[in-house]
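Topology and contacts: notes
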Amino acid sequence: MDFISIAEAQNTLIDNGHRILSSLVKDKNQLSNSELDTPDFELDVNAPLLSPSASAELFNLATNFLLYVAMVIIITMVAKIYFPESLDRSMAADLDVRSHSVSYKMVDEEELSS
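Because the structure is a prediction, the values reported are computed rather than measured. (Residues numbered from 1 in each chain as written. Predicted model: local features only at pLDDT ≥ 70, side-chain atom pairs only at ≥ 80, totals over all residues. Heavy atoms only, no water.)

The next thing to look at is the overall build of the chain. Counting secondary structure elements, the chain contains five helices and zero strands. Each of the 114 residues in the chain was classed as buried or not, and the buried ones make up 4%. Put simply, the chain shows about 10800 Å² of open surface, and 62% of that area lies on carbon and sulfur atoms. (Helix = DSSP H or I, 4+ residues; strand = E, 2+ residues; numbered from the N terminus. Buried < 20%, exposed > 50% of the residue type's maximum accessible area, 1.4 Å probe, protein only. Areas by Shrake-Rupley, 256 points an atom, 1.4 Å probe, with all protein chains shown as cover.)

Listed below in structure tokens is the structure:
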């Protein structure tokens, strides 16, 4: 079952729902159960959910995601082994990241030439 047949089946379900709801609004008491039980389409239960191209694309995306996760884990392990101080959170708390002011001393041209 590919995307187009899923979309067509969904549109048929929506159309049936609108038809049933409109008949409910018109005559609440005369709605028969047969309208609710018999859909206008036939659904193949054994058909695959995705088309082969969609399945291949999903496999490609999953593979890329797993490679990304593996790279993050490997880089974290290498950083922890070779640069353990870079991952230490207590050291980051000791560093003062706040902005600080700097005062400059004005120098005259006479002082530069001498």
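Here the focus is a negative patch on the surface. On the surface, D108, E109, E110 and E111 cluster together into a patch of negative charge. If you trace the backbone, E110 turns up in helix α5 (residues 109–113). Assessed through its relative accessible area of 65%, E110 is described here as exposed. (Patch = residues over 30% accessible without salt bridge, like charges linked within 9 Å, V, L, I, M, F, W, Y side chains within 5 Å. Salt bridge = Lys/Arg side-chain N within 4 Å of Asp/Glu carboxyl O. Lys, Arg positive; Asp, Glu negative; His and termini not counted. Charge placed at Lys NZ, Arg CZ, Asp CG, Glu CD.)

Now for a nonpolar patch on the surface. A surface patch of nonpolar side chains, amounting to about 1300 Å² of accessible area, comprises F65, L66, Y68, V69, V72, I73, I74, M77, V78, I81, Y82 and F83. Within the secondary structure layout, Y82 lies in helix α3 (residues 52–82). Classification of Y82 as exposed rests on a relative accessible area of 60%.

Chain-level statistics for the chain give a pLDDT mean of 75 and a share of 65% at 70 or above. Mean pLDDT across the elements of the chain bottoms out in helix α2 (residues 33–37) (53) and peaks in α3 (94). (pLDDT = per-residue confidence, 0-100.)

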